[in-house]
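Survey of secondary and tertiary structure
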Number of protein chains: 2
Amino acid sequence: MDDQDPGLQLVHLLRAVTVELDLLAAEFAGREGLHPTDVRALIHLLDAGREGVRATPGWLGAQLGVNSASTTALVDRLERLGLVRRERDTRDRRRVLLVVQDQAVTLGWSFFGPLIHEMVAEMRAFDETELATVRRFLLAMRDVAATRRRAQQDSSARR
Amino acid sequence: MDDQDPGLQLVHLLRAVTVELDLLAAEFAGREGLHPTDVRALIHLLDAGREGVRATPGWLGAQLGVNSASTTALVDRLERLGLVRRERDTRDRRRVLLVVQDQAVTLGWSFFGPLIHEMVAEMRAFDETELATVRRFLLAMRDVAATRRRAQQDSSARR
DNA sequence: TCGAGAATCTCGATTGTCGAGACATTACAG
DNA sequence: CTGTAATGTCTCGACAATCGAGATTCTCGA
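Residues numbered from 1 in each chain as written. Chains lettered and ligands numbered in written order. Predicted model: local features only at pLDDT ≥ 70, side-chain atom pairs only at ≥ 80, totals over all residues. Heavy atoms only, no water.

1. Some thoughts on the domain arrangement of chain A
Residue and element names in this part refer to chain A. Which entries qualify depends on this criterion: Where each domain starts and ends follows an automatic or database-derived domain assignment. Two residues qualify as a contact provided that any one of their heavy atoms is within 4.5 Å of a heavy atom in the partner residue. Summed over both partners, buried area is the accessible surface (1.4 Å probe) that two parts give up on being assembled. Any pair of N or O atoms that falls within 3.5 Å is considered a polar contact. Within protein, one atom must be able to donate a hydrogen and the other to accept it, and sequence-neighbouring residues count only if both atoms are side-chain atoms. We call Asp, Glu, Lys and Arg charged. Ala, Val, Leu, Ile, Met, Phe, Trp, Tyr, Cys and Pro are nonpolar, and the rest, Gly among them, are polar.
On domain assignment, one finds that chain A holds domain 1 (6–125) and domain 2 (126–159). The distance between the C-alpha centroids of domain 1 and domain 2 comes to 20 Å. In this assembly, six residues from domain 1 lie in contact with six residues from domain 2. Taken over both partners, the interface formed by domain 1 and domain 2 buries close to 430 Å², and the fraction arising from carbon and sulfur atoms is 69%. Interface area lost by domain 1 to domain 2 is led by L14, M123 and A125, which between them contribute 72%. For the pair domain 1 and domain 2, the number of links is two residue pairs in polar contact (both at pLDDT 80 or more). Residues belonging to the side of domain 1 that touches domain 2 are distributed by class as follows: four nonpolar, no polar and two charged.

2. Considerations on the nonpolar core
Formally: Within this scheme, the nonpolar core is defined by two criteria: the residues are buried Ala, Val, Leu, Ile, Met, Phe, Trp, Tyr or Cys, and they are joined through side-chain atoms within 4.5 Å. We call a residue buried when its accessible area falls under 20% of the maximum for its residue type, exposed when it is over 50%, and partly exposed in between, using a 1.4 Å probe and counting protein chains only.
Ranked by internal contacts, the top residues of the largest apolar core, which has 90 residues, are M119, F137 and L138 of chain A together with M119, F137 and L138 of chain B. Sequence-distant contacts of F137 of chain A, defined by excluding residues within four places in its chain, comprise L10 of chain A together with M123, F126, V134 and L138 of chain B.

3. Section: the side chain of T56 of chain A
Residue and element names in this part refer to chain A. Formally: The numbering of helices and of strands both runs from the N terminus, where a helix is a DSSP run of H or I of at least 4 residues and a strand a run of E of at least 2.
Within the secondary structure, T56 is located in the loop between α2 (36–51) and α3 (57–64). Among the residues examined, T56 registers a relative accessible area of 13% and is labelled buried. Setting aside residues up to four positions removed in sequence, T56 forms contacts with V96, L97 and L98.

4. Section: the interface of chain B and chain A
Filter applied, for reference: By definition here, a salt bridge exists when the distance from a side-chain nitrogen of Lys or Arg to a carboxyl oxygen of Asp or Glu is within 4 Å.
Between chain B and chain A, the residue contacts involve 62 residues of the former and 62 residues of the latter. With both chains or domains summed, chain B and chain A bury close to 6,500 Å², and 71% of this area falls on carbon and sulfur atoms. Linking chain B with chain A are eight salt bridges, by the criterion used here. A salt bridge links D47 of chain B to R15 of chain A, with the shortest nitrogen-to-oxygen separation between them at 2.6 Å. Connecting chain B to chain A are 14 residue pairs in polar contact (both at pLDDT 80 or more). Sorting the residues of the side of chain B that touches chain A by element identifies α1 (6–32), α2 (36–51), α3 (57–64), α5 (102–122) and α6 (128–157) of chain B as the ones contributing at least two each. The element contributing the most residues to the side of chain B that touches chain A is α1 of chain B, with 20 residues. Considered class by class, the residues forming the side of chain B that touches chain A number 32 nonpolar, ten polar and 20 charged.

5. Overview of the protein's contact with DNA strand C
Our working definition: Proximity is defined per residue: any heavy atom of the residue falling within 4 Å of a molecule or strand makes that residue near it.
Taken together, 22 residues form the shell around DNA strand C, and within it G58, S68 and R86 of chain A together with H35 and T37 of chain B come nearest. Here DNA strand C approaches the protein such that, of its atoms within 4 Å, sugar and phosphate make up 65%. In this structure, a phosphate oxygen belonging to DNA strand C sits 2.7 Å away from a side-chain N or O atom of S70 of chain B. At the level of elements, α3 and α4 (68–80) of chain A together with α4 (68–80) of chain B are the ones that each hand at least two residues to the surface near DNA strand C. Considering each element in turn, the surface near DNA strand C owes the most residues, four residues, to α4 of chain B. Grouping the amino acids of the surface near DNA strand C by side-chain chemistry returns six nonpolar, eight polar and eight charged.

6. Overview of the protein's contact with DNA strand D
Close contacts around DNA strand D come from 22 residues, with H35, T37 and S70 of chain A together with G58 and S68 of chain B the closest. Protein-proximal atoms of DNA strand D, defined as those within 4 Å of the protein, fall in sugar or phosphate at a share of 68%. Taking R93 of chain A, its main chain carries an N or O atom lying 3.3 Å from a phosphate oxygen of DNA strand D. Within the side chain of R94 of chain B, a nitrogen or oxygen atom sits 2.9 Å from a base oxygen of DNA strand D. The residue inventory of the surface near DNA strand D, partitioned by class, reads six nonpolar, eight polar and eight charged.

7. Observations regarding the packing of aromatic side chains
Residues and elements named next belong to chain B. Defined as follows: Two rings belonging to Phe, Tyr or Trp (six-membered ring only in the last case) form a pair when the distance between their centres is within 6.5 Å. Interplanar angles under 30 degrees mark stacking, angles over 60 mark edge-to-face geometry, and anything in between is tilted.
Per the counting criterion, the structure on display carries six aromatic pairs over all chains. Judged by centre distance (4.2 Å) and plane angle (10°), the rings of F28 and F111 are stacked. In this pair, F28 is assigned in helix α1 and F111 in helix α5, connecting sequence segments 83 residues apart. The class of F111 is buried, set by a relative accessible area of 4%.

Quick look at the structure:
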């Protein structure tokens, strides 16, 4: 009935994966009494911690695509939950540094840990060459999306 | 500093792709004056249309993971925007069928069309064997997420 | 020193989401 | 056939996440 083109099939499949992951995150959010945005923020904060990036409200808001008022409210929530702590930057005192608390790491792991574990386990069915191919593919798709997003941001900022 | 494990790398990369796609959808939503949920609904409605599935409010709500009140409000919005039309099912008169309007298809294509096109173009850098590998990989990841989600839904429904 | 610009926060309004429950319809047991 | 349970959708009231506009505090270059 549809999709002879293997390319189209893959696009739909990739989207199906993102749909599933989003629903999984939403489910986790609901169970923990936090909102989908909070989970997304948690992801970025943990990434930042792992990569040694210094997180600030402005940075976080940019990552999530929300405005500054929402970011403040978001950080308030995360702070109230004990997931992050606000700390004035001593160098640039306009800035606030978001310090990820241990509890956030624990919470993040309780959700992502098992998921990651299962995914990595599934990957054992692929040899190194195949994983390299997948990696190349995902990088290409990410770049398409990222490039397209930047282009549209610019064109809307120009108005 | 991190990630010697190629498996972990891939998990993070997969997540990065979903983050980009979500942001892209959010950007599109904001530009068109609709909400992220509306875009997600549009995706599922177009899929249903393409696959010949008869969409109803209950079905749509289940796809999106929102409750019935939100679903009603969502369908109200979509109907007001002229994207779908409500139509009573003559066989089971409790049901309402969601008929996707041409305008929805046009709108969906204006967003997904170029994106899909670029992605398919990028895939020309892969031969058939490689695409088959990617397909196998994505199917595995989707199933991990889907299985995990169902498991957690069941465990929370049991309470 | 002064002014432009950056980073964060406050305020008021809008609106998407939820929980509980109403209503109509269908399915099924007796 | 009849009454009862289950299903699909919608209504209502409350909550809270988000936004736009603007205030505040601070940095940095002229």
